[in-house]
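# What the coordinates show
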Number of protein chains: 4
Amino acid sequence: MGESKPRVGVIGATGYSGMELIRLLLLHPNVQLTYLAGSRARSESFGAMFLHLAHLEGVSVEAFDVEACKQACDLAFVALPSGESGRVAAALWSAGLRVIDLSGDLRLPADVYQAWYGHTPVETSAQAAAVYGLTEFARDEIASAQLVANPGCYATAAVLALKPLQDHPILQAGIPVIVDAKSGVTGAGRSAKTHLQFAELTDDFYPYKVGKHQHVPEIEQALGAEVPIVLTTQLLPVSRGIFASVYITLTTEVDREAIYQRYLETYANEPFVHVLPYGEVPHIKAVQGTNFCHIGLVLDEQKKVLQVFSVIDNLQKGAAGQALQNANLMLRRNETDGLNAAALWM
Amino acid sequence: MGESKPRVGVIGATGYSGMELIRLLLLHPNVQLTYLAGSRARSESFGAMFLHLAHLEGVSVEAFDVEACKQACDLAFVALPSGESGRVAAALWSAGLRVIDLSGDLRLPADVYQAWYGHTPVETSAQAAAVYGLTEFARDEIASAQLVANPGCYATAAVLALKPLQDHPILQAGIPVIVDAKSGVTGAGRSAKTHLQFAELTDDFYPYKVGKHQHVPEIEQALGAEVPIVLTTQLLPVSRGIFASVYITLTTEVDREAIYQRYLETYANEPFVHVLPYGEVPHIKAVQGTNFCHIGLVLDEQKKVLQVFSVIDNLQKGAAGQALQNANLMLRRNETDGLNAAALWM
Amino acid sequence: MGESKPRVGVIGATGYSGMELIRLLLLHPNVQLTYLAGSRARSESFGAMFLHLAHLEGVSVEAFDVEACKQACDLAFVALPSGESGRVAAALWSAGLRVIDLSGDLRLPADVYQAWYGHTPVETSAQAAAVYGLTEFARDEIASAQLVANPGCYATAAVLALKPLQDHPILQAGIPVIVDAKSGVTGAGRSAKTHLQFAELTDDFYPYKVGKHQHVPEIEQALGAEVPIVLTTQLLPVSRGIFASVYITLTTEVDREAIYQRYLETYANEPFVHVLPYGEVPHIKAVQGTNFCHIGLVLDEQKKVLQVFSVIDNLQKGAAGQALQNANLMLRRNETDGLNAAALWM
Amino acid sequence: MGESKPRVGVIGATGYSGMELIRLLLLHPNVQLTYLAGSRARSESFGAMFLHLAHLEGVSVEAFDVEACKQACDLAFVALPSGESGRVAAALWSAGLRVIDLSGDLRLPADVYQAWYGHTPVETSAQAAAVYGLTEFARDEIASAQLVANPGCYATAAVLALKPLQDHPILQAGIPVIVDAKSGVTGAGRSAKTHLQFAELTDDFYPYKVGKHQHVPEIEQALGAEVPIVLTTQLLPVSRGIFASVYITLTTEVDREAIYQRYLETYANEPFVHVLPYGEVPHIKAVQGTNFCHIGLVLDEQKKVLQVFSVIDNLQKGAAGQALQNANLMLRRNETDGLNAAALWM
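By convention here, each chain's residues receive numbers from 1 onward along its written sequence. Each chain is given a letter, starting from A, and each ligand a number, starting from 1, according to the order in which they appear as written. Local features in this predicted model are restricted to residues whose pLDDT is 70 or higher, and side-chain atom pairs enter the listing and the counts only when it is 80 or higher, whereas totals over whole chains, interfaces and linings include all residues. Neither water nor hydrogens contribute to the side-chain values; these are computed over all heavy atoms in the structure.

Per an unreviewed UniProt entry, the recorded name for chain A is N-acetyl-gamma-glutamyl-phosphate reductase, and the organism is Alicyclobacillus fodiniaquatilis. UniProt positions are given in the numbering used here, feature names are shortened, and annotations may be inferred rather than shown by experiment. According to the UniProt record, the Subcellular location (unreviewed entry) comment for chain A reads "Cytoplasm". Database annotation for chain A, UniProt heading Catalytic activity (unreviewed entry): "N-acetyl-L-glutamate 5-semialdehyde + phosphate + NADP(+) = N-acetyl-L-glutamyl 5-phosphate + NADPH + H(+)".

So, in structure tokens, the structure goes:
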């Protein structure tokens with residue numbers, strides 16, 4: 001880890017988002033990982049706990065401490081469970097550290113947060129100060145931010161699918177936009193639960209939190225308009241990947257080519273958002289282990305329904321990858337540093 | 001195989017639907033399997049080809065012949081590829097045998113068939129004579145039918161989900177009903193294709209035939225009304241199971257309890273359709289290897305969207321299981337004979 | 001549940017072996033399930049907890065009580081965690097009930113038990129009284145037993161693979177027999193553990209308890225001779241199935257055909273053990289969800305190593321299925337009653 | 001693709017090894033990919049065929065031509081089917097190009113090749129000239145080689161597990177070494193076969209080519225001694241990864257610590273071979289998508305059997321990764337260039 005590179009830390013090292021961040025940071029060419037903490041210290045080195053990193057330099061996990069973190073880092077990622085994460089992020093931010101919080105705690109106004117998360121909100125000043133970190137649409141604010149609320153996985157997939165149409169009349173008719181979303185199981189976190197065991201989940205598929213997922217208000221807020229969203233979240237028997245099938249019911253004729261051009265133009269220079277040729281559909285395999293979002297469009301002209309398909313890796317563009325993309329902006333690195341992996345496919 | 005039991009045959013023995021039929025028939029208490037045929041004869045016994053049946057009495061696969069089939073059977077199941085299947089079924093029916101065709105060849109009028117399947121239709125007289133075999137809604141016609149067109153897998157899942165609302169105003173507003181459907185890969189058949197190989201499909205999820213799936217007109221025909229259907233078919237990395245997420249956009253207030261009661265009443269005495277408690281969601285695991293359909297309902301009262309979730313095993317209620325249920329009616333067996341399996345779950 | 005059928009109960013209803021027993025018993029034609037208990041009572045009905053049985057008659061789970069169990073049952077299956085299971089089985093047996101214990105608690109002498117399990121042994125009188133229930137080799141003792149110690153899953157696969165050679169010189173040379181065994185994850189039980197979560201286990205394969213698995217002494221005891229066993233147990237990313245690859249290093253010439261004939265003869269009339277044609281290999285798929293054991297043999301004549309491949313479903317022939325097979329003997333049912341399922345294959 | 005970097009080509013671009021090579025080469029910092037060929041030209045760009053590379057610069061696949069290849073490249077990788085691959089490699093080598101052949105065609109003497117592969121051997125001069133490219137044990141010859149026969153996947157896993165003991169007495173007793181090996185299905189190649197379809201392979205596990213796998217003579221040749229190898233190859237329901245469980249039966253006492261030290265010393269400075277702490281076992285997940293080999297040792301002192309567990313990714317250290325490692329040596333790049341990925345784990 002070179003001496004002059006910016007120093008970063010990860011709090012929440014043993015959850016899935018934290019593990020993925022660490023994997024990315026250990027291979028990052030232009031930042032150094034200098035601090036790892038969790039709710040409690042671990043006696044084993046990280047490489048001993050996680051054999052896929054066994055060959056990388058040993059790092060140990062400390063019990064979190066604000067002051068130690070501040071001394072060790074220029075920027076901290078906080079990836080703790082909802083409720084705890086926002087409080088830790090706010091404390092570090094108050095202490096003067098730049099912070100990216102991967103939880104949902106700082107993304108929503110207090111009243112909306114409480115209604116959907118069921119927790120008492122974190123200090124409102126932190127929530128108010130936090131920049132919503134959907135990179136493609138807030139580069140400048142993120143680059144200068146002290147505190148970033150990193151977007152949710154479903155919200156990232158849905159908002160990237162809909163943002164090019166944000167001010168288009170077809171989103172303004174008041175007919176609910178259907179987001180039928182499917183996620184790999186890492187989205188449910190690493191803590192052990194019977195229903196997430198291999199023997200229970202393999203060969204299965206089912207919805208959860210129907211009508212109640214906390215990413216609904218996040219999507220609606222990000223689209224900045226009166227677009228009612230129906231989000232159905234469903235568990236896929238795969239480890240990583242979100243597939244969002246978005247259905248927009250049209251009330252008027254639309255020009256298919258004009259719609260498609262909006263997507264091409266919106267994402268023309270984006271390093272991580274790829275619009276497929278019209279009519280082609282994305283695959284979650286094509287983005288697993290990467291920070292990419294692939295988007296496909298199909299218009300059913302007879303039935304008058306526009307379908308937008310959007311895929312991301314929930315742990316990358318949906319969490320750790322986007323957090324690192326944001327950190328690269330904040331630390332004046334190349335935006336794509338450490339994020340150039342191509343998916344394995346097979 | 002007892003002497004006085006009705007004799008049945010399977011043509012198309014080595015495809016997935018045919019294999020599943022044979023597995024069910026070899027364990028059936030009240031019919032005997034007396035004829036197995038494919039496009040060509042096989043020198044190996046069925047048990048040698050398919051180790052899961054290695055312990056059952058050996059049966060061999062003949063090259064198909066109308067006369068031999070007629071001599072050997074009281075009823076024939078035809079489960080050949082589209083195009084070929086309807087022709088064989090029509091030939092057997094013309095020769096006086098009772099027939100259940102598992103393909104899509106006899107389900108639609110000639111013009112609709114040609115538009116969606118791209119084949120020249122089978123003889124129209126057979127198509128006109130065939131009874132559409134969605135058991136729950138055509139028991140009497142099926143019981144006396146000479147020729148049954150067994151429903152498609154996606155169509156079965158979607159129609160069972162929507163049938164209780166067929167004459168309800170919420171289906172008559174002209175707003176497309178969205179059927180976001182996910183299927184296990186046995187639905188794609190048994191012939192070898194690179195994109196269906198394990199290494200390609202594991203960990204993946206993606207749509208196919210968007211806007212073009214041939215079950216669209218079948219669903220619209222079965223609902224017998226002006227209900228526009230948008231059907232998106234998607235491949236799940238599991239072997240069996242269809243999960244249909246159906247979205248009905250409401251234009252008026254509806255009484256949640258009244259809607260739910262329609263489902264309970266429609267399926268109150270059905271042995272294979274199970275309506276879950278309101279708000280609970282079905283799992284494909286709960287029906288794999290069985291002839292069941294599980295249905296769950298959730299009404300989003302704020303967004304005014306009714307969600308119906310429907311699951312079946314595509315090879316059972318979506319193919320071989322429903323065919324056997326129909327054969328039981330035609331042969332005056334108990335409707336549930338040979339279909340009492342409970343899913344493994346884990 | 002007919003009135004004159006023998007009444008059976010399951011203690012340990014919500015573990016995987018218990019769940020599988022209940023699934024089998026609810027469909028059993030000739031016994032009735034009259035008692036379900038766990039460590040604590042459950043307010044939900046079994047069908048509400050486990051959707052794959054949602055359509056079957058509701059049964060509820062009581063907190064275990066010796067007297068209530070004795071009143072309700074003619075025979076009890078005990079499928080609790082090791083340590084607890086043997087104590088409950090011994091208590092019921094002392095109270096006069098016939099019992100089948102699915103744990104390892106009653107399979108071994110006290111000293112061996114303590115060395116391999118690390119628990120204080122259960123009352124020695126129960127252990128001494130228990131009949132080791134490998135059905136094929138102890139039918140008469142099982143039929144008249146008051147207390148049966150049902151074999152372990154790995155032990156069943158290994159012993160069925162080796163028993164035909166028990167008194168053959170090739171097992172008497174003192175060279176260790178290698179049993180490289182692979183198991184589906186239901187073998188690890190249902191309680192939630194991070195390393196058994198889908199996201200951790202999918203795409204993985206690894207050994208565990210190398211040289212320390214408690215089925216080693218069970219196998220050595222069952223072979224009743226000085227046959228040293230090296231057992232390596234490994235986790236497969238599948239739900240069910242044990243595949244045992246057994247390697248016997250030969251010190252003399254052997255007659256391949258004579259060896260093969262021993263297998264054919266040993267299992268000639270067995271309803272659940274199927275010896276494949278010489279040179280063919282078994283598949284775990286062929287026995288999943290069934291009580292079958294498939295065995296294949298290959299002799300490497302140049303290298304002088306005999307390979308025996310043996311597969312079972314760990315929850316059926318390796319647990320609940322064999323327990324039911326034994327119960328059928330004890331209750332004078334047909335040995336195969338309730339065990340006639342054929343595997344799905346696809 | 002920078003101008004002064006060595007230029008490389010891949011022949012066999014659409015098989016799994018070729019695809020993996022291309023994925024690695026497109027991200028390689030110090031070589032440029034300048035030629036892609038297959039048995040026939042493809043009209044689509046590579047990125048359109050393979051969505052996981054959709055964002056990388058388009059490259060097209062030509063029909064193979066010796067002269068075109070020679071003009072375009074400094075070094076060629078040949079990854080065609082056995083039989084064809086060696087002929088193409090020999091032709092390019094004869095034409096003066098440096099070549100790495102990923103097939104088995106050039107690894108064995110003509111008589112052994114014909115006995116195990118069943119093909120007529122490729123020109124013997126090419127076979128005689130080819131350096132066997134197990135990198136860790138032939139660095140100098142590889143660096144200066146004109147023609148490299150890249151090792152087989154099973155052979156790499158087995159030989160890396162046994163090489164530290166090559167001249168130790170425990171391998172010289174004449175007792176067969178058992179290599180119970182399990183492989184992900186990409187090892188079976190990309191051409192479509194029914195038994196490799198997802199619906200057939202998921203949930204299954206089984207051996208194939210028992211006693212007949214062509215990597216047996218390759219392993220025996222690489223160990224350069226009279227070590228009889230029994231290799232059992234088995235299919236895992238995962239995409240990538242080989243797990244080799246190696247059993248060495250001991251005839252004398254051995255010093256466990258001395259054995260372990262041999263492994264530590266042999267691989268002390270190896271960038272891609274990692275010896276785990278004594279008694280720990282490797283996981284295939286820890287090396288998927290990487291060029292690593294992880295090795296674990298357990299000695300059963302009572303039974304006198306040494307177990308060595310070795311894991312690699314069959315498409316990386318077992319094929320494309322090791323080929324690139326060798327190319328880096330041949331082209332005077334850093335040996336680890338383009339090979340620094342860490343596995344995803346979850």
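Structure shown, so let's carry the discussion forward.
### Overview of the interface of chain A and chain B
For this analysis, residues touch if any pair of their heavy atoms sits within 4.5 Å. The interface is formed by 44 residues belonging to chain A together with 43 residues belonging to chain B. Summed over both partners, the accessible surface that disappears when two parts come together, traced with a 1.4 Å probe, is what is meant by buried area. Overall, the association of chain A and chain B removes approximately 3,500 Å² of surface from exposure, summing both partners, and the carbon and sulfur fraction of that is 63%. Salt bridge criterion: a side-chain nitrogen from Lys or Arg within 4 Å of a carboxyl oxygen from Asp or Glu. Here chain A is connected to chain B by four salt bridges. Across the pair A:Asp180 and B:Lys182 runs a salt bridge whose closest N-O atoms are separated by 3.1 Å. Within 3.5 Å is the distance limit for a polar contact, defined as a pair of N or O atoms, with the added protein rule that one can donate a hydrogen and the other accept it, and that residues adjacent in sequence qualify only through two side-chain atoms. Between chain A and chain B we count 34 residue pairs in polar contact (both at pLDDT 80 or more) in total. Only runs of H or I of at least four residues qualify as helices and only runs of E of at least two qualify as strands under DSSP, and these elements are numbered from the N terminus. For the side of chain A that touches chain B, the secondary structure elements donating two or more residues are strand 8 (177-183), helix 9 (198-201), strand 9 (206-208), helix 10 (215-222), strand 10 (229-235), strand 11 (242-249), strand 13 (293-300) and strand 14 (305-312) of chain A. Tallied by class, the residues present in the side of chain A that touches chain B amount to 26 nonpolar, nine polar and nine charged. Following the grouping adopted for this structure description, the nonpolar residues are Ala, Val, Leu, Ile, Met, Phe, Trp, Tyr, Cys and Pro, the charged ones are Asp, Glu, Lys and Arg, and the polar ones are all others, Gly among them.

### Some thoughts on helix 4 (residues 84-94) of chain C
All names here are of chain C. Residue burial is assigned from relative accessible area. The probe radius is 1.4 Å, only protein chains are included, and a residue is buried under 20% of its type maximum, exposed over 50%, and partly exposed in between. For helix 4, the set of buried residues is Ser85, Gly86, Val88, Ala89, Ala90 and Leu92. On its buried face, helix 4 sits against strand 1 (7-11), helix 3 (66-72), strand 4 (75-78), strand 5 (98-101), helix 6 (124-129) and strand 7 (147-149). Looking at the residues trailing helix 4, positive phi occurs at Gly96, about 100°.

### Remarks on the sheet that holds strand 12 (residues 273-275) of chain C
All names here are of chain C. Strands qualify as paired when DSSP identifies two bridges or more between them. Spatially, seven strands are ordered 9-10-8-11-14-13-12 in an open sheet, and the strand pairing comes out mixed. In the strand order of this sheet, the two ends are held by strand 9 (206-208) and strand 12, each with one partner. When the angles between neighbouring strand axes are averaged without regard to direction, this sheet yields 25°. Only the stretch in contact is used when fitting a helix axis, every axis being a line fitted to C-alpha atoms; angles between N-to-C directions are given from 0 to 180 degrees. Relative to the sheet, helix 8 (residues 153-162) contacts strand 8 (177-183), strand 9, strand 10 (229-235), strand 11 (242-249), strand 13 (293-300) and strand 14 (305-312), its axis offset from that of strand 11 by approximately 45°.

### Here we look at the state of the cysteines
Count a disulfide wherever a pair of cysteine sulfur atoms falls within 2.5 Å. Following the criterion strictly, the structure yields zero disulfides over all chains and no others. Considering cysteine sulfurs only, C:Cys73 is the nearest to C:Cys69, which forms no disulfide, with 4.2 Å between them. No disulfide involves D:Cys293; its sulfur sits 13 Å from that of D:Cys153, the nearest cysteine. In this structure D:Cys293 comes out as buried when scored by relative accessible area, which is 0%.

### Observations concerning the sheet that holds strand 2 (residues 32-38) of chain A
Residue and element names in this part refer to chain A. Taken together, seven strands build an open sheet; the order of strands is 3-2-1-4-5-7-6 and the sheet is parallel. Looking at the sheet topology across the chains shown, the edges are occupied by strand 3 (62-63) and strand 6 (131-132). Strand direction decides the pairing type here: strand 6 and strand 7 (residues 147-149), joined by two bridges, are parallel. Counterpart to Tyr132 in the pairing with strand 7 is Ala149. Against the sheet, helix 1 (residues 16-26) engages strand 1 (7-11), strand 2 and strand 4 (75-78), with an angle of about 160° to strand 1.

### Brief notes about the interface of chain B and chain D
Tallying the contact residues gives 19 residues for chain B and 19 residues for chain D. At the boundary of chain B with chain D, total buried surface from both sides reaches about 1,500 Å², with 56% on carbon and sulfur atoms. The tally of links between chain B and chain D comes to two salt bridges. Summed over the shared surface of chain B and chain D, the result is eight residue pairs in polar contact (both at pLDDT 80 or more). Ranked by residues supplied to the side of chain B that touches chain D, first place goes to helix 9 (residues 198-201) of chain B with four residues. Across the side of chain B that touches chain D, the residue classes break down as nine nonpolar, seven polar and three charged.

### Describing the UniProt feature "active site" (unreviewed entry) in chain A
Sites flagged by UniProt as "active site" (unreviewed entry) map to A:Cys153. Among the structural elements, A:Cys153 can be located in helix 8 (residues 153-162).

### A closer look at the pattern of salt bridges
Taken as a whole and assessed by the stated rule, the structure comprises 60 salt bridges over all chains. Between B:Arg139 and B:Glu270 there is a salt bridge; the shortest N-O distance is 2.6 Å. With a gap of 131 residues between them, B:Arg139 in helix 7 (residues 139-144) and B:Glu270 in the loop between helix 11 (256-266) and strand 12 (273-275) connect regions that are remote in the sequence. The exposure class assigned to B:Glu270 is buried, which follows from its relative accessible area of 14%. As a salt-bridge pair, D:Glu253 and D:Lys304 come within 3.4 Å of each other at their nearest N and O atoms. Of this pair, D:Glu253 sits in the loop between strand 11 (242-249) and helix 11 (256-266) while D:Lys304 sits in the loop between strand 13 (293-300) and strand 14 (305-312), and the two are 51 residues apart along the sequence.

### Side note on the relation of the copies chain A and chain B
With an axial shift of 0.0 Å and an RMSD of 0.0 Å, the rotation relating chain A to chain B amounts to 180°. Here the transformation between the copies is reduced to the relation of a two-fold axis. Of all interface residues in chain A, 98% are interface residues in chain B too; the two copies therefore contact each other through one and the same surface. Only residues with pLDDT of at least 70 in both copies contribute their C-alpha atoms to the least-squares superposition of the copies.

### Thoughts on the packing of helix 1 (residues 16-26) of chain B against helix 12 (residues 320-330) of chain B
Residues and elements named next belong to chain B. Between helix 1 and helix 12, the shortest axis-to-axis distance is 9 Å and the interhelical angle comes to 50°. Comparing the axis directions of helix 1 and helix 12 gives the class oblique. Of the two possible hands of crossing, helix 1 and helix 12 adopt the one that is right-handed. Mapping the contact onto sequence places Ser17, Glu20, Leu21, Leu24 and Leu25 in helix 1 and Ala320, Gly321 and Leu324 in helix 12. Oblique is the label for any angle not covered by the other classes, which are roughly parallel (under 35 degrees), roughly antiparallel (over 145) and roughly perpendicular (65 to 115). If you view the pair so one helix is near and one far, a crossing is left-handed when the near helix is turned anticlockwise from the far one by less than a right angle, and right-handed when it is turned clockwise.

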